[in-house]
Amino acid sequence: MVESHPHLSHFIGKGHTSQRVRDKLAARLQQQGVSHPQVLDAIRFTPRHSFIDAALSTRAYDDTALPIGYAQTISQPYVVAKMSACLLEHCQSTRRVLEIGTGCGYQTAVLAQLFEQVYTVERISGLLQQAQQNLSALGLRQIHYYHGDGYQGWQAHAPFDAILVTAAAPKIPPALLAQLQVGASLIIPVCGDDGQQYLELIQRGAHNYQHQRLDPVKFVPLRPGLS
Ligand code: SAH
């Protein structure tokens with residue numbers, strides 16, 4: 001039995017929010033090709049029901065996106081797991097990760113179990129406050145919050161070992177490329193010419209950036225400015 005993050009074990013839940021339900025979700029993601037053990041553990045140990053409205057808690061461990069207010073959504077667990085695993089496989093250090101689009105903080109909680117320090121940026125102040133409450137209630141303390149425009153990244157703490165964006169951009173924001181450490185990777189949903197969104201993985205080498213197009217996805221748009 002792998003041990004959870006010291007604080008998360010207190011959020012066991014019961015019935016449709018029980019550990020058994022989270023174990024089933026992790027098993028399902030594993031069947032669907034998520035093989036990274038640390039990522040599966042993070043899914044198993046993160047109480048997704050505590051990030052959404054109680055009225056939706058019967059659906060908390062369905063593998064779907066759900067509304068979180070402000071016309072935004074909590075990401076689908078499969079996508080959270082896939083993006084996290086992909087980043088881990090393509091970064092040279094797990095010291096510092098930048099997340100753009102905190103939302104309710106679910107993906108942030110998963111990252112906090114995989115990286116030493118998490119820097120997270122959200123443009124909607126009401127959501128950032130909610131996320132801060134959700135994450136501190138879980139005792140996750142190595143998270144740094146910024147009410148800002150993710151198109152600009154978070155220059156004061158750059159460079160990062162990994163960057164994960166949870167909203168779809170028309171094109172890759174140059175500031176995010178510039179804030180990658182050499183050897184670091186960025187994963188971001190980007191709108192393709194066909195109107196479909198795709199995950200793109202960009203790795204920074206010593207002299208260039210290598211781009212790779214991954215699966216089609218469906219995210220809310222990355223919007224400029226603050227709200
Ligand atoms: N990471 C969340 C998903 C959030 S949905 C989860 O774990 O479920 C995407 C989030 O990106 C929304 O909260 C939206 O407000 C935010 N967002 C959109 N454009 C942004 C920008 N330019 N900077 C920062 N956050 C942005």
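Now for a description of the structure that goes with this document. (Residues numbered from 1 in each chain as written. Predicted model: local features only at pLDDT ≥ 70, side-chain atom pairs only at ≥ 80, totals over all residues. Heavy atoms only, no water.)

**Quick look at the site of the ligand**
No. 1: Around the ligand there are 25 residues in total, and Ser75, Gln107, Glu122, Gly150 and Arg223 lie nearest to it.
No. 2: Take Gln107: an N or O atom from its main chain is 2.8 Å from an oxygen atom of the ligand.
No. 3: Thr166 has a polar side-chain atom sitting 3.3 Å from a nitrogen atom of the ligand.
No. 4: Here the ligand has 580 Å² of accessible area as a free molecule, and 99% of this is covered by the chains.
No. 5: Elements that contribute at least two residues to the shell around the ligand include exactly strand 2 (72-74), helix 4 (106-112) and strand 4 (117-122).
No. 6: Ranked by residue count, the leading element in the shell around the ligand is strand 2, at three residues.
No. 7: Across the shell around the ligand, the residue classes tally to ten nonpolar, ten polar and five charged. (Near = heavy atom within 4 Å. Polar contact = N/O pair within 3.5 Å; in protein donor to acceptor, adjacent residues only side chain to side chain. Areas by Shrake-Rupley, 256 points an atom, 1.4 Å probe, with all protein chains shown as cover. Helix = DSSP H or I, 4+ residues; strand = E, 2+ residues; numbered from the N terminus. Nonpolar A, V, L, I, M, F, W, Y, C, P; charged D, E, K, R; others polar.)

**Here's the deal with the packing of helix 1 (residues 19-31) against helix 2 (residues 37-45)**
No. 1: Interaxial distance between helix 1 and helix 2 falls to 8 Å at its minimum, and their mutual angle equals 150 degrees. What the angle tells us is that helix 1 and helix 2 run roughly antiparallel. Our pair here, helix 1 against helix 2, has a crossing hand that is right-handed. Facing Gln19, Arg22, Asp23, Leu25, Ala26, Leu29 and Gln30 of helix 1, the residues of helix 2 in contact are Leu40, Ile43 and Arg44.
No. 2: The residue makeup of the contact of helix 1 with helix 2, split by class, is five nonpolar, two polar and three charged. (Axes fitted to C-alpha atoms, helices over the stretch in contact; angles between N-to-C directions. Parallel < 35°, antiparallel > 145°, perpendicular 65-115°, else oblique. Left-handed = near helix turned anticlockwise from the far one by under 90°. Contact = heavy atoms within 4.5 Å.)

**Structural notes on the pattern of salt bridges**
No. 1: Taken as a whole and judged by the stated rule, the model has two salt bridges.
No. 2: For the salt bridge of Asp23 with Arg44, the shortest nitrogen-to-oxygen distance reads 3.8 Å. A residue pair is termed long-range when its members are at least 10 positions apart, and Asp23 in helix 1 and Arg44 in helix 2 qualify at 21 residues.
No. 3: You can call Asp23 partly exposed: its relative accessible area is 31%.
No. 4: One salt bridge connects Arg44 with Asp41, and the closest N-O pair in it is separated by 2.7 Å. Pair noted here: Arg44 and Asp41 are both in helix 2, with a separation of three residues, about one helical turn.
No. 5: Its relative accessible area of 22% is what places Arg44 among the partly exposed residues. (Salt bridge = Lys/Arg side-chain N within 4 Å of Asp/Glu carboxyl O. Buried < 20%, exposed > 50% of the residue type's maximum accessible area, 1.4 Å probe, protein only.)

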